[in-house]
Each structure stands twice: as C-alpha cells, then as structure tokens.
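Observations on the model geometry
The lines below spell out each chain.
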Amino acid sequence: MYPNKITIQTARGLLERGEVSAWEITQACLDQIEARDDDVHAFLEVYADEALAAAQKSDERRQAGETLGVLDGIPLAIKDNLLLQGKKCTAGSKILSNYTGAYTATAVQKLLEQGAIILGKTNMDEFACGSSTEHSAFGPTKNPRHLEHVPGGSSGGSAAAVAAHMCLGALGTDTGGSIRQP
C-alpha cells in the first residue's frame with residue numbers, strides 16, 4: 001500500500017473492507033517520510049514507534065468489531081505550534097527547544113478521540129510569522145514537487161507532508177494566510 005494512491009476517504013474504505021490495515025498505511029507513510037524528508041524537511045519530529053503502536057491498536061479495535069471514530073487508523077501530522085502532551089512544541093523556534101506540552105490542544109485531542117494516528121510534528125515559520133516556511137529556526141521546508149520552490153507558509157511543513165504523501169492529512173493554523181498560501 002503506497003500512500004500517494006489513497007486519500008483519507010479511500011483509506012477509510014480500504015480499512016472497512018479489510019483490504020489494508022492501519023499498520024500497513026502507517027508504515028507506508030513512515031517509509032515515505034524516510035525516503036523524502038531529508039530533501040523536503042517537512043517534519044521536525046516523527047513518532048514512528050508510537051504511530052505504529054497506535055495503528056496496531058486501531059487494527060485490534062477494528063478486528064474486535066468495536067465502534068470506530070471516523071479517522072480511526074488514519075495517519076496524520078500536526079503543525080509544531082499545536083500541543084501534544086509530553087511532546088516537544090517549538091513553534092519553529094530554538095527558544096522553545098526544550099518546551100514540552102503540558103496538555104493536548106483541543107483540535108489534536110479531537111483527532112485522537114476519532115482514532116487518528118499522529119505521525120509527528122511539522123515544520124513551520126518561527127512563531128508562525130512568515131509565508132514561505134523558509135524562516136524556521138530548524139531550516140526551511142522545500143516544496144516536494146519542486147525542491148527549488150517554497151511550499152508557502154507558515155503551515156508549509158504540514159502542506160509539504162501531505163503533498164509528498166508522507167501522511168494522509170495534516171493540521172495547520174492560519175492567521176494571515178498560513179494555510180491559504182500553501
């Protein structure tokens with residue numbers, strides 16, 4: 001199963017029909033991150049072990065016939081200004097390099113409640129002040145379709161991760177065009 005051949009809706013259908021497992025979809029996304037992220041730099045942090053464990057639990061829920069959330073087994077990414085309890089949240093700034101989320105942001109919690117699998121945190125312009133994702137303290141993100149171009153920003157890491165098929169969807173945030181530009 002290769003993630004660029006499926007959308008969230010298609011993945012849900014494949015999962016419901018038992019044609020693919022959440023673990024397989026998640027592993028395919030992680031393989032794509034490994035293959036492409038050195039060039040694209042969409043992710044600041046990847047939670048491979050946690051993501052595969054969450055995918056396994058999703059598969060077990062599905063096999064047990066439990067009621068599932070609409071995103072159960074779907075691998076997603078989140079912008080690095082959204083808190084995930086116990087995980088770093090730098091907002092693209094080295095000033096926050098050691099900051100760890102004390103709680104999980106409501107938007108992220110709602111994804112988790114629906115069974116989504118969080119693959120990791122995506123790059124962004126520092127403190128979301130920018131429109132190209134070239135101004136992260138951790139280095140720029142490239143447009144995965146044309147590496148010499150920018151992905152837009154400040155949610156460019158999330159946009160690039162989706163465009164590079166590293167995840168099936170991603171959260172970004174928008175104040176002045178941070179989602180609309182990518």
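What comes next is a walk through the structure. (Residues numbered from 1 in each chain as written. Predicted model: local features only at pLDDT ≥ 70, side-chain atom pairs only at ≥ 80, totals over all residues. Heavy atoms only, no water.)

Quick word on the nonpolar core
Looking at soluble globular proteins, one finds that nonpolar side chains tend to be buried together. If you look at the biggest cluster of nonpolar residues, it comprises 39 residues, and the most contacted ones within it are Phe43, Leu119 and Met166. For this core, the secondary structure elements donating two or more residues are helix H1 (8-16), helix H2 (22-40), helix H3 (48-63), strand S2 (75-79), helix H4 (106-113), strand S3 (117-122) and helix H5 (156-163). In terms of residue count, H2 provides more of this core than any other element does, 6 residues in total. (Core = buried A, V, L, I, M, F, W, Y, C linked by side-chain atoms within 4.5 Å. Buried < 20%, exposed > 50% of the residue type's maximum accessible area, 1.4 Å probe, protein only. Helix = DSSP H or I, 4+ residues; strand = E, 2+ residues; numbered from the N terminus.)

Observations concerning the environment of Lys5
You can see Lys5 is positioned in the segment before H1. A relative accessible area of 65% means that Lys5 is categorised as exposed. Measuring from C-alpha to C-alpha, the distance between Lys5 and Trp23 comes to 16 Å, with 18 residues separating the pair along the chain.

Looking at the pattern of salt bridges
This structure, assessed with the given rule, holds 5 salt bridges. The residue Glu19 makes a salt bridge to Arg17 at a minimum N-O spacing of 2.6 Å. Taking the shortest distance from any N to any O, the salt bridge between Lys87 and Glu50 comes out at 2.4 Å. Here Lys87, found in the loop between S2 and H4, pairs with Glu50, found in helix H3; they are 37 residues apart in sequence, far enough to count as distant. Residue Glu50 is classed as partly exposed on the basis of its relative accessible area, which comes to 42%. (Salt bridge = Lys/Arg side-chain N within 4 Å of Asp/Glu carboxyl O.)

Details of the pairing of S3
Within S3, 6 of the 6 residues are buried, which leaves the element mostly enclosed by the surrounding structure. As paired elements, S2 and S3 share 4 bridges and run parallel to each other. When the bridges of S3 are listed, Lys79 appears paired with Thr122. Remark: the S2/H4/S3 crossover connection has right-handed handedness. (Pairing = 2+ DSSP bridges. Right-handed = clockwise from strand over helix to strand, strands pointing away.)

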